[in-house]
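For reference, the chains in residue letters:
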Protein chains: 2
Amino acid sequence: MKKLSRRSFLLNTGLAVTASTAAVAVPSLLLSNADSKYTGKRLNIALCGLGRYASILADGFQDAEYCKLAGIITGTPSKAEAWKKQYDIPDKNIYNYQNFDNIKNNKDIDLVYIVLPNSMHKEYTIRAAKAGKHIICEKPMALNAADCEEMIEACKNAGVQLAIGYRLHYEPYNLEMKRLGQEKVFGQVRLIEASLGYRTFDPNEWRLKKAMSGGGPLMNVGIYCLQSSRYVSGEEPLSVTAQFGPVTDKQLFAEVEASIMWQLNFPSGLVSNCTSTYNCNVDRFFASADDGQFELSPGISYGPFKGRTSNGELHFPDINQQAAQMDGISKLLLENKPLPSHITGEEGLKDMKVIDAIYKAAATGEKIMIV
Amino acid sequence: MKKLSRRSFLLNTGLAVTASTAAVAVPSLLLSNADSKYTGKRLNIALCGLGRYASILADGFQDAEYCKLAGIITGTPSKAEAWKKQYDIPDKNIYNYQNFDNIKNNKDIDLVYIVLPNSMHKEYTIRAAKAGKHIICEKPMALNAADCEEMIEACKNAGVQLAIGYRLHYEPYNLEMKRLGQEKVFGQVRLIEASLGYRTFDPNEWRLKKAMSGGGPLMNVGIYCLQSSRYVSGEEPLSVTAQFGPVTDKQLFAEVEASIMWQLNFPSGLVSNCTSTYNCNVDRFFASADDGQFELSPGISYGPFKGRTSNGELHFPDINQQAAQMDGISKLLLENKPLPSHITGEEGLKDMKVIDAIYKAAATGEKIMIV
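As the structure is a computational prediction, the values presented were derived from the model and not from experiment.

Engineer: How would you sum up the sheet that holds strand β3 (residues 94-95) of chain A? Please name residues and give values.
Structural biologist: By way of backbone hydrogen bonds, the strands of a sheet pair with one another, either parallel or antiparallel. Residue and element names in this part refer to chain A. If you walk across this open sheet you meet the 6 strands as β3-β2-β1-β4-β5-β6, and the pairing is parallel. Both outer strands of the open sheet, β3 and β6 (162-164), are each paired with one neighbouring strand and no more. The pairing of strand β1 (residues 43-48) with strand β2 (residues 67-73) spans 6 bridges and is parallel. Residue pairing for β2: N44 is matched across the bridge by K68. Across the sheet, helix α6 (residues 121-130) is in contact with β1, β4 (111-114), β5 (134-137) and β6; its angle to β5 comes to roughly 165°.

Engineer: Describe in detail the pairing of strand β9 (residues 259-265) of chain B, supporting the description with residues and values.
Structural biologist: Residue and element names in this part refer to chain B. Where burial is concerned, most of β9 is hidden: 7 out of the 7 residues are buried. Covered by surrounding structure in β9 are S259, M261, Q263 and N265 together with I260, W262 and L264, the residues of both alternating faces. As paired strands, strand β8 (residues 239-244) and β9 are joined by 6 bridges and run antiparallel to one another. Residue pairing for β9: T241 is matched across the bridge by Q263. The hairpin turn running from β9 into strand β10 (residues 271-277), its antiparallel successor, is 5 residues long, and G269 in that turn takes a positive phi close to 100°.

Engineer: Report on the pattern of salt bridges, specifying residues and quantitative values.
Structural biologist: Residue and element names in this part refer to chain B. Under the definition given, this model contains 44 salt bridges over all chains. When the shortest N-O distance is used, the salt bridge between E150 and K122 registers 3.0 Å. Here E150 is found in helix α7 (residues 145-158), whereas its partner K122 is found in helix α6 (residues 121-130), with 28 residues between them in sequence. With a relative accessible area of 22%, K122 lands in the partly exposed category.

Engineer: Tell me about the interface of chain A and chain B, and name the residues and values.
Structural biologist: Taken residue by residue, the interface counts 34 residues in chain A and 34 residues in chain B. Carbon and sulfur atoms supply 48% of the area buried between chain A and chain B, which totals about 2,700 Å² over both sides. In this assembly, chain A and chain B are joined by 8 salt bridges. Note that B:R199 and A:D291 form a salt bridge whose closest N and O atoms lie 3.9 Å from each other. Our count for the contact surface shared by chain A and chain B stands at 15 residue pairs in polar contact (both at pLDDT 80 or more). At the level of elements, β7 (189-197), β8 (239-244), β9 (259-265), β10 (271-277), β11 (282-289) and β12 (292-296) of chain A are the ones that each hand at least two residues to the side of chain A that touches chain B. A per-element tally of the side of chain A that touches chain B places β11(A) first, with 5 residues. Considering only residue class, the side of chain A that touches chain B consists of 9 nonpolar, 16 polar and 9 charged.

Engineer: Give me the lowdown on the UniProt feature "domain: GFO/IDH/MocA-like oxidoreductase" (unreviewed entry) in chain A, citing residues and values where you can.
Structural biologist: Mapped onto this numbering, the UniProt entry gives "domain: GFO/IDH/MocA-like oxidoreductase" (unreviewed entry) at residues 176-283 of chain A. Across residues 176-283 of chain A, the secondary structure splits into 26% helix and 29% strand, with the terminal C-alpha atoms separated by 17 Å.

Engineer: Outline the environment of A:R199, supporting the account with residue identities and numerical values.
Structural biologist: Turning to its location among the elements, A:R199 is positioned in the loop between β7 and α9 (210-213). Looking at A:R199, the relative accessible area reads 26%, which means it is partly exposed. The spatial distance from the C-alpha of A:R199 to the C-alpha of A:V282 is 9.4 Å, given a sequence separation of 83 residues. Not counting residues up to four positions away in its chain, the partners in contact with A:R199 are A:Y278, A:N279, A:C280, A:N281, B:D290 and B:D291.

Definitions and limits used
Residues numbered from 1 in each chain as written. Chains lettered and ligands numbered in written order. Predicted model: local features only at pLDDT ≥ 70, side-chain atom pairs only at ≥ 80, totals over all residues. Heavy atoms only, no water. Pairing = 2+ DSSP bridges. Helix = DSSP H or I, 4+ residues; strand = E, 2+ residues; numbered from the N terminus. Contact = heavy atoms within 4.5 Å. Axes fitted to C-alpha atoms, helices over the stretch in contact; angles between N-to-C directions. Buried < 20%, exposed > 50% of the residue type's maximum accessible area, 1.4 Å probe, protein only. Salt bridge = Lys/Arg side-chain N within 4 Å of Asp/Glu carboxyl O. Buried area = accessible area lost by both parts, 1.4 Å probe. Polar contact = N/O pair within 3.5 Å; in protein donor to acceptor, adjacent residues only side chain to side chain. Nonpolar A, V, L, I, M, F, W, Y, C, P; charged D, E, K, R; others polar. UniProt positions renumbered as here; feature names shortened; annotations may be inferred.

Here it is, written out as structure tokens:
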């Protein structure tokens, strides 16, 4: 299935009908403007850090209509030059890490999207907040829960809003999983299995350096398995057990885990058994409830996704997740509305507390209570 | 998909072509006699214990051609009467638990298939062996590894063969998983996820009484997740961690676990993360290897199954697993050949050693080495 731009999706009646007849809350942004394209002010976003995911976000801007790529922050002059040409970015909206704080005087930047290595999330979130800019910070929010609390405090003090880059909150298949779970469409959910992983090869990648990443696949992709366990159940886990997989490559995995499994215990008695790995490709979500099952496979990555329930196959449009996420956040900020709690810094903090507990459980072999 | 008798499957050219063009070792029994039905001597089997699964086996005999239902052993006179009428069983081939040992004088019984509660497997295997009969003993082989060793010794001393009721070794989709894993068709397998469970309701069921069952879903259905992890990898696990799920119903789960998860570590670095539960329906097998993935869902129960690999969907005939298993064993015994090692008592013992370790790991919270 080809990935559709939002415009082509809206023109594709077949898909639009599929989405509207299905009982899912497809982001209203994606369906509300079939006849009229938004022509008002766009939120001006500066991308901070120009790595692999920044390029994916830049691609997302092509499908967005409530925001635009207005600026960049990078420590690499050659990247600044290349992005300036490719995306027509004015010199006055280009920063490096030394002059970044001057962005407070730039009225043409409304929001800074932080796409730096995890270890830099805290510093740049706090600096962007002090500059009076709204912030989207990529997941994981920081290296640990204590850092998250500092970031939330800084944004609160500065009067800016902080979102975490949880793209799946804007993705129709995942929204349907959330609805099926929280509305107990198949009754109480008893078991969740969620796994996400891919193979990694480059020993120089920052994600394999603990000082920069804070950890391995759990920090990077496992966080989505944790997220889906929480938002499908609508519950917060009480305790967790966890196990590191073996060090399958001593050079690659000298500093962070190669794989990790963990088991979350929720108040209702629901158990979620999750895996994240840098050893192989896996991308699946499954939930079993009293009266039926629902699942996605693939379903946690960038798509396209496939889903089914005990009642049959699911069919939703394959959207650009990055565009949907940035538009959803931008629309609210343009309207001076508060962001929904499930994408804010407080949500990032909740995940980080569980991640801290998962690592402690794996390191000690003990069941760790989550407080 | 309707379940096919073997004969209708053989007459169904479409399915037969599907099976023969796919690269799987469909049991030769199922494909070799398309033109000629076997008319030689059949192995005479007596079912020992007439519970729910005995009825499923009785149904399997309808599709079998190398064996027949020749006798029964039951402690309930009304069941003896009902089965005698329904299956035309002569009085001389009907036993109760008191006169069972007289079966040694009955030349019309070649094999005793033990379908009793787990706690009775050891006693009746040893008594059948002393009566000079071959034996199929349902899984799990016994309550613990020590009992398995006694059973193997008894059969060895009596010169009879002992098979364990691992039906999936005769099922085409599972044979394909085994081939894909062991032949490394997609490279080294790195991660296996296998889950099997169903909802249980009757607090009086023997499976919920620890003295009779030895344990909960792990003993009953989780053993298939363990089996598939072992036969797909072709390796023996080195160690295991495990976690009991919560007691979700105090009446039902007063004696055995409601659910259990466990993680097996194999010599190659493969990790297998498994779940078995009496809380909800789940039936899925997944393997991710260096160059691709393969999976079944459903794929561990009685079928029909669905499977796919990174190369596309799998299509094999939906067979009667019980008929295929009993025929496979019977044909070899009729030919005075040894049973393959992957279905013998030694295999049951290997599983039971791992199960003992899983329960120990769950009870202690420690990683248990498997010796």
